[in-house]
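As a plain string of letters, each chain reads:
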Amino acid sequence: MNSDSTIDVSAPSLMGFMWRQEKHLRGYNIWRILSVVVITPFPVLTQMVVDAIPAKDTTLIFSLTGFWLLLLVLHLGTMYFAVESLATKMQVIFRELRAEVFYKINFMSFRFLDSTQAGKLLSKYSFDTNNIETTAIMGLTGVLPEILRSSLLILVLMWMNPWLGVIVLLAIPLFACARLLNFKEIERSNHLVRVARERMTGQANEYISAIKLVRGYGQEEEALRQVGDTSGSYSDERVYQTKLNQSLGYILFGAITLIMISATTLSAWLVIQDKMELGEMVALIGALPICLFPVSMIAQFSLQYLQGAESYISIKELLDSDSTEKWTGTRVIHEPQGVVEFDHVTFQYEAGKAAALKELDTVIRAGEHVALVGPSGSGKSTLVGLLLGFYGPNSGQIRIDGVPQHELSMQQFRQTCSIVMQDNILLSGSILDNIRFGKVTATMDEVREAVRHAYALDFIEALPDGFETVVGERGASLSGGQRQRIAIARALLRDPKILILDEATSALDYESEKAVQQAINYLAQGRTTITIAHRLSTVRKADRIMVLKQGSVEASGTWEELSSQDGSFKELLEAQD
Ligand code: ADP
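In short, a report on the structure.

Conventions and cut-offs
Residues numbered from 1 in each chain as written. Predicted model: local features only at pLDDT ≥ 70, side-chain atom pairs only at ≥ 80, totals over all residues. Heavy atoms only, no water. Near = heavy atom within 4 Å. Polar contact = N/O pair within 3.5 Å; in protein donor to acceptor, adjacent residues only side chain to side chain. Areas by Shrake-Rupley, 256 points an atom, 1.4 Å probe, with all protein chains shown as cover. Helix = DSSP H or I, 4+ residues; strand = E, 2+ residues; numbered from the N terminus. Nonpolar A, V, L, I, M, F, W, Y, C, P; charged D, E, K, R; others polar. Phe/Tyr/Trp six-rings, centres within 6.5 Å; stacked < 30°, edge-to-face > 60°. Buried < 20%, exposed > 50% of the residue type's maximum accessible area, 1.4 Å probe, protein only. Pairing = 2+ DSSP bridges. Contact = heavy atoms within 4.5 Å. Axes fitted to C-alpha atoms, helices over the stretch in contact; angles between N-to-C directions. Expected span 1.5 Å × (residues − 1).

Quick notes on the site of the ligand
No. 1: The local shell around the ligand consists of D114, Y349, A356, P375, S376, G377, S378, G379, K380, S381, T382 and Y391.
No. 2: In the model, an oxygen atom of the ligand is placed 3.0 Å from a nitrogen or oxygen of the K380 main chain.
No. 3: Taking T382, its side chain carries an N or O atom lying 2.4 Å from an oxygen atom of the ligand.
No. 4: In isolation the ligand exposes 560 Å². Once the protein is present, 60% of that is buried.
No. 5: No other element matches the three residues that helix α13 (residues 380-387) contributes to the shell around the ligand.
No. 6: Considering only residue class, the shell around the ligand consists of four nonpolar, six polar and two charged.

Written out as structure tokens, the structure reads:
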């Protein structure tokens with residue numbers, strides 16, 4: 001977990017979570033309590049003003065009004081400080097909660113990530129945290145002060161005349177009204193809404209990310225139909241949820257109005273019976289809505305609370321999930337050499353399915369360049385995924401410089417590797433930001449050096465904004481070859497001991513291919529390099545070619561050795577001609 005975080009998300013329920021944030025909200029609470037206390041005498045002032053009418057005591061009325069206004073100013077002033085404090089503190093809490101969620105996602109296992117739509121995680125990150133925030137704000141700014149305000153008012157009314165207290169206490173059974181509705185049903189509905197929302201966001205996110213595929217195939221209608229289906233299911237769940245929530249509103253409005261009517265009639269009768277002063281009745285009628293307000297507020301809040309609670313469950317599911325990477329090693333290799341050993345490694349993605357790698361047993365020497373070839377699905381990417389610890393072997397062991405993978409600090413090990421992928425991901429930001437992602441502390445000189453060796457300096461400097469050129473998400477404004485060279489510069493910048501290349505030259509035109517190949521040759525010098533080769537012509541210079549087939553090494557040797565003997569390599573060569 002993020003060690004800097006001060007947010008405690010261990011509470012099993014949302015109420016507990018909100019309670020545990022108390023230390024962050026002390027400032028707000030003090031100002032808010034003060035703001036409520038200063039308006040408590042309002043009904044007494046109403047009564048005193050009404051009682052002063054028969055004596056025509058205007059001086060008293062004006063003095064009371066002056067005091068009243070003073071209390072109002074104090075109320076507004078304390079409210080101002082309360083809101084100031086809350087707005088800032090709330091954002092501290094929820095920024096940290098989002099950070100916890102994001103940080104956790106970064107450590108989820110690839111088994112989990114492979115089967116979870118990114119949009120679902122996005123829904124947790126943005127919608128659910130926001131929903132909890134709305135609930136917390138409503139509880140803190142609405143419900144708690146209102147309960148305090150009406151409790152104080154009830155005490156004041158009882159002190160003025162016990163009958164006033166009796167009438168107000170009639171409202172208490174209203175609390176039970178909230179229970180009239182089936183909360184279990186609301187909880188169930190909230191859960192269905194949340195699941196439908198995650199499905200909808202997941203689906204929409206997938207189609208937005210794949211927009212080129214959708215347009216390229218002219219399948220906008222089909223995309224709309226599929227996204228529309230999940231959006232429709234979400235709407236259906238929302239309709240039911242809204243109906244359930246609204247029915248509580250009607251019941252409450254009816255009950256509160258009934259109380260108001262009864263209280264007015266009863267107090268009028270008490271005035272006629274000389275059991276109550278007219279001023280007290282006016283004070284009661286004025287105070288009653290304030291006393292009843294929390295009742296309706298609590299009921300309304302309980303609906304928001306149940307939705308917030310569902311969001312909290314959703315976030316807790318992720319934060320408490322143990323579908324994380326299981327690497328717990330801490331060993332750091334201070335002077336890495338780049339020796340990679342696969343010791344009888346077998347790996348299956350799913351139990352019961354065929355192994356994606358079978359008994360792989362090989363040693364890649366420091367500085368050796370190994371090219372992996374073989375038909376699609378033969379296990380090339382799996383081998384690389386295992387080396388980087390994206391998955392753990394089912395049996396056998398991988399060692400780096402003689403250190404078993406499970407003993408290594410995986411994050412530190414990965415920092416000594418660089419990957420250049422087929423479809424290189426550029427993040428939205430400047431070219432400089434993207435290159436520095438390889439080593440955030442790199443100086444400008446180091447960046448330029450890396451860029452020069454990646455054969456990218458000329459084209460970057462030719463851009464109007466040079467290194468500051470902003471590239472869109474996925475680097476959409478650059479050509480394939482340019483993106484590739486930026487990725488190579490990013491890889492070079494960290495001076496890796498182990499380099500993984502998912503060969504991409506097949507997608508490039510001749511000119512770009514030449515530049516990229518030169519850049520790659522430079523990048524690979526003196527490093528252990530593993531290339532996933534898609535075209536055999538580019539692996540001629542590799543020290544060793546490993547031919548994979550259905551997860552097993554079929555043959556291994558230099559180009560000359562393999563091409564001179566019959567077998568799978570020759571078959572591949574012939575197939576490519
Ligand atoms: P290559 O890189 O040689 O094309 P892969 O290593 O991607 O092959 O795949 C090896 C085998 O593992 C294939 O049968 C493939 O279907 C399977 N496979 C790859 N990735 C996954 C995954 N994330 N979940 C389940 N099976 C997978």
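Overview of the packing of aromatic side chains
No. 1: Evaluated as defined, the whole model comprises twelve aromatic pairs.
No. 2: Relative to Y312, the ring of F17 has its centre 5.3 Å away and its plane inclined at 35 degrees; by these criteria the two rings are tilted. With F17 in helix α1 (residues 14-20) and Y312 in helix α12 (residues 278-319), this residue pair connects regions lying 295 residues apart in the sequence.
No. 3: Measuring from ring centre to ring centre gives 5.9 Å for F42 and W68, while their planes differ by 70 degrees; the resulting arrangement is edge-to-face. On the criterion of sequence distance, the pair formed by F42 in helix α3 (residues 42-52) and W68 in helix α4 (residues 58-105) is long-range, its members being 26 residues apart.

Brief notes about the environment of A210
No. 1: Inspection of the secondary structure assignment puts A210 in the loop between α9 (183-209) and α10 (211-216).
No. 2: Overall, A210 belongs to the partly exposed group, its relative accessible area being 26%.
No. 3: Spatially, the C-alpha atom of A210 lies 33 Å from that of R452, the residues being 242 residues apart in sequence.

Notes on the sheet that holds strand β5 (residues 403-404)
No. 1: Reading across from one edge, β2-β1-β4-β5 is the order of the four strands in this open sheet, with antiparallel pairing throughout. Bordering the open sheet on either side are β2 (357-364) and β5, each of which pairs with just one other strand.
No. 2: Strand direction decides the pairing type here: strand β4 (residues 395-400) and β5, joined by two bridges, are antiparallel. Note that in β5 the partner of I400 across the bridge is V403.
No. 3: Its contacts with the sheet put α13 on β1 (340-347), β2 and β4, and the angle it makes with β1 is roughly 115 degrees.

Overview of helix α11 (residues 220-272)
No. 1: With 53 residues, α11 ought to run about 78 Å at 1.5 Å a step, and its terminal C-alpha atoms sit 75 Å apart, in line with that.
No. 2: Two residues or fewer past α11, D274 is found with a positive phi of approximately 60 degrees.

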